[in-house]
Amino acid sequence: MSHDGVGLRAVMRSAAFLTAGVLAVPALSACSADDEADRPAAAQDIAPASRDQVADGGTLRWAVDAVPETLNAFQADADAATSRVAGAVLPSMYRLDANGRPQINPDYLESAKVVATEPKQVVLYKLDQQAVWSDGREIGAADFAAQWRALSGKDSAYWTARNAGYDRIEKIERGKNNLEVRVTFARPYADWKSLFSPLYPKSVMGTADSFNDGARRKLKVSAGPFAVKKVDVKGGEVQLTRNPRWWGSPTKLSEIDLVAVARDKRAAALAADELDMAEIDAVDAERITAAHGRSGPPKGAPTGTHAPGTEQDKSEKDSSGEKAGKSKPEKGRKGEKGEEARDDGKSESDESADGDEKDTTGAEGSRAKAADQQAALSAFVVRKSLEPAYTQLALNGSEGPLADERVRRAVARALDRKELAKVVLKPLGLPVEPVGSHLALVGQAAYADSSGALGDQDTAEARALLADAGWVPGGPVTEQKKTEKAAGSKGKKADTDDSPGDDGTYIVGEDNKPSEAERDLRKDPKDHAGAHERTSAQSGIQADEQQAGKQYAKQGGAPGAYAPKGTAAPAGAASGALAKDGKPLTLRFVLPSGQGSEPLRAVADRIAQMLQRIGIRTDISKVSDASYFKDHIASGQYDLALYSWPGSAYPATDARPIYSKPVPAADGSLSVEQNYTRVGTDQVDQLFDQALSTLDEDQERSLVRKADARIWAAAGSIPLYQRPQLTAVRTGLANAGAFGFQTPVYEDMGFLKKGAHPVASPSKTG
């Protein structure tokens, strides 16, 4: 897991806290909200086209963050690239549709259903008779049994990351014939559809040695539309090629190359013709859109283009007397000195030597290079949707002020979640709706907006909660030594971003030090990313603070506690902050400092301003991306933090580790699983257990929604918005882009035939 998001099945989830008697939750069934679950907030955007419109052949060069450390999706260091490879080369019994709901994968299954519930649950899988591994062996019960034994958790020699569901299986056996697999469960398991997706061959799962090491850098046997051709760690590439034994619809592409390119290098790689598709950030998306002019990309923009190496491309070149193209657009070939060879026969060093023709080192050359790069980006379009993951505000409830449920609830009630969603989603033209569930997203069957269990934004109520918890405005503050922390969490010194003039840490609400958003405005007066909106919001905050100052003055609070900006607080007052036991209420807000985290930091600044309205100061620390999760989130060295969780199709299974109550470990430490807020309750655990054990789908959804309502009430984490999904795609590439919930159909991806047009693919559902 990281602040950038997580794979849907690569990680699971965890818990929340509710003190009996403090908060009544009158309608824990949440709302039925069946209409809310009908369709996602934004449709996928993949330029859909029928297969007869897509040319045969060609190579798709698709960016990934890094070459995967392992090709075994069930190991701890599996990542999004691992999942991408597995989706293209391995069987999955179920795949997700556009609404994030599991559907039978007809390439592998004729049917799968529960055939008995008493005395035990039995699921019968009927396999497609053509389903075979690439070595010619039929997919069958032996593969299912090997995977169950490896993931059951009974043999510690297998280095598995998770065993959820597999630990409930009692036995697996062959049915009436080789095409039937009977799975008997020792305990009922509602999310049985999550199992065996992906399914590895018994040659990988059969022994601990083969599981641990046999599928890390190679996968000799596969059974998907593609097969692993090569994992080139040094070259930063995984090559997938057509599986000659594939029985389903033939793949349109000849090859898919997963190319490791850092996020901040992707625009340059796209412009240099090194990629055909890449997830990008908002800044790069704006550049690509600008490359098409103010009107944006032409309507129906993948059209009339095809990739080098497609059958159409080859036939056209042959008919014109040219040599047929290779199966993919050639990347630069390395010469003796390591320079890239160019199509015109010159190496980079040859071109740099032609100083008379073009000054590549001076300002003019830099501008020309930037202009060329911008022009090259016009070969791409931006496809956008909402990622199947949401960003949340995490509140560390293990110690400090946030250990008090009233303070957590006050923080939550201070937030205008729609305003926070607007900061990220409105500039992208995506639907601005805050997420109403911890356990599902709009479109998924379990989704219901249960935020009412906590309540809407209410500044007065937030202040009342803080007062009830003993935090008073303008109270006496004991002067602290430099080494002493305020009333936030105990933590190590932040691994801060040491940029010039910025130590990475600043306090909102103290000495009028500007927020990061305000400092950005001062650096760039143009503020092309929404200056007016931010200043308007800040003006509103100042007005609210003036009014709040008047109210607190009436209650005997410190004069000037919420004075207009620039008004100094009198001696002894903590600049308007609340105080208790001689300490001001200051929360440490930890954020990543790397490129691509700008939206998180913008949201954090807005949160800090909202908290300042109720008298809470925030000590914002920007830390390196490498240390953000490991040294701060996982270790509990924060009060507030922003990071993302996926919206799983199987919330009863995947969400439990995230929201279950932490328990003491044998060594005396606290075992939190993935519950990094350290907030949990027995009631939530019981609801998850009940949801996992029922085979009635309606009852399971109801129990999941009840659990979500209690998680909301505990205010350990506050869902904010569904993450935007922005993908740069080469014009003419069909059935690929911003997939949203849906599992990619790898065999249908390809480049359009000349003159072909995709079907309209909107970013919003109507």
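Everything below is about the structure shown above.
All values reported here derive from a predicted model rather than from experimental measurement.

**What to know about the sheet that holds strand β17 (residues 583–584)**
Read across the open sheet, the three strands follow the order β14-β16-β17; overall the sheet is antiparallel. Two strands lie at the open edges of the sheet, namely β14 (472–473) and β17, each paired on one side alone. When β14 meets strand β16 (residues 578–580), the two strands line up antiparallel, connected through two bridges. Its bridge partner lying in β16, P473 is registered against L578.

**A short note on the sheet that holds strand β7 (residues 169–174)**
A sheet is described by the order of its strands in space; here four strands give the open sequence β5-β6-β8-β7, paired in antiparallel fashion. Since the sheet does not close on itself, it has two edges, and those belong to β5 (109–116) and β7, each with one partner. When strand polarity is set aside, the average angle formed by the axes of neighbouring strands in this sheet is 15 degrees. In terms of strand pairing, strand β6 (residues 122–127) meets strand β8 (residues 180–185) through five bridges, oriented antiparallel. Across the sheet, residue L124 finds its bridge partner in β8, namely R182. Sheet contacts for helix α2 (residues 141–151): β6, β7 and β8; angle to β7, the most-contacted strand, approximately 160 degrees.

**A closer look at the pairing of strand β10 (residues 237–242)**
Relative to β10, strand β9 (residues 226–232) runs antiparallel, the two sharing six bridges. If you follow K230 over to β10, its bridge partner there is Q239. Relative to strand β11 (residues 255–260), β10 runs antiparallel, the two sharing five bridges. Bridged to Q239 within β11 is D257.

**A short note on the packing of aromatic side chains**
Per the counting criterion, the structure on display carries 18 aromatic pairs. Ring geometry for Y108 versus W247: centroids 5.5 Å apart, planes at 85 degrees, classification edge-to-face. Linking Y108 in the loop between β4 (102–104) and β5 with W247 in the loop between β10 and β11, this pair joins segments that are 139 residues apart in sequence. Judged by relative accessible area, which is 3%, Y108 ranks as buried. Between the aromatic rings of Y125 and F196, the centroid separation amounts to 6.0 Å while the plane-to-plane angle is 90 degrees, which identifies the pairing as edge-to-face. In this pair, Y125 is assigned in strand β6 and F196 in the loop between β8 and α3 (202–205), connecting sequence segments 71 residues apart. Just as Y125 is buried, F196 falls in that class too. Taken together, the ring pairs in this structure connect F74, Y94, Y125, F144, Y166, W192, F196 and Y200 into an aromatic cluster.

**Comments concerning the environment of K202**
Secondary-structure assignment places K202 in helix α3. K202 gets classed as partly exposed once you look at its relative accessible area, which sits at 38%. In sequence terms K202 and F144 are 58 residues apart; their C-alpha atoms lie 7.9 Å from each other. If near-sequence neighbours (up to four positions away) are discounted, K202 is found in contact with R137, A142, D143 and A146.

**Re the pattern of salt bridges**
Across all of its chains, the model carries 28 salt bridges by this definition. For the salt bridge of D56 with K252, the shortest nitrogen-to-oxygen distance reads 3.3 Å. Highlighted residues: D56 in the loop between β1 (14–15) and β2 (59–64) and K252 in the loop between β10 and β11, separated in sequence by 196 residues. Here D56 falls in the partly exposed class, since its relative accessible area comes to 36%. For R61, the salt bridge goes to D276, with nearest N and O atoms at 3.1 Å. With R61 in strand β2 and D276 in the loop between α5 (266–271) and β12 (277–279), the pair connects residues that are 215 residues apart, well separated along the chain. Given a relative accessible area of 0%, R61 falls into the buried group. Residue classification places D276 among the buried positions, given a relative accessible area of 1%. Several salt bridges converge on common partners, so that one network encompasses R61, D273, D276 and R730.

**Some thoughts on the nonpolar core**
Core analysis: the largest hydrophobic core is formed by 106 residues, its most contacted members being M93, Y125, F196, L240 and Y659. Residue contributions to this core peak at seven residues, all from α2.

About the criteria used
Residues numbered from 1 in each chain as written. Predicted model: local features only at pLDDT ≥ 70, side-chain atom pairs only at ≥ 80, totals over all residues. Heavy atoms only, no water. Pairing = 2+ DSSP bridges. Helix = DSSP H or I, 4+ residues; strand = E, 2+ residues; numbered from the N terminus. Axes fitted to C-alpha atoms, helices over the stretch in contact; angles between N-to-C directions. Contact = heavy atoms within 4.5 Å. Phe/Tyr/Trp six-rings, centres within 6.5 Å; stacked < 30°, edge-to-face > 60°. Buried < 20%, exposed > 50% of the residue type's maximum accessible area, 1.4 Å probe, protein only. Salt bridge = Lys/Arg side-chain N within 4 Å of Asp/Glu carboxyl O. Core = buried A, V, L, I, M, F, W, Y, C linked by side-chain atoms within 4.5 Å.

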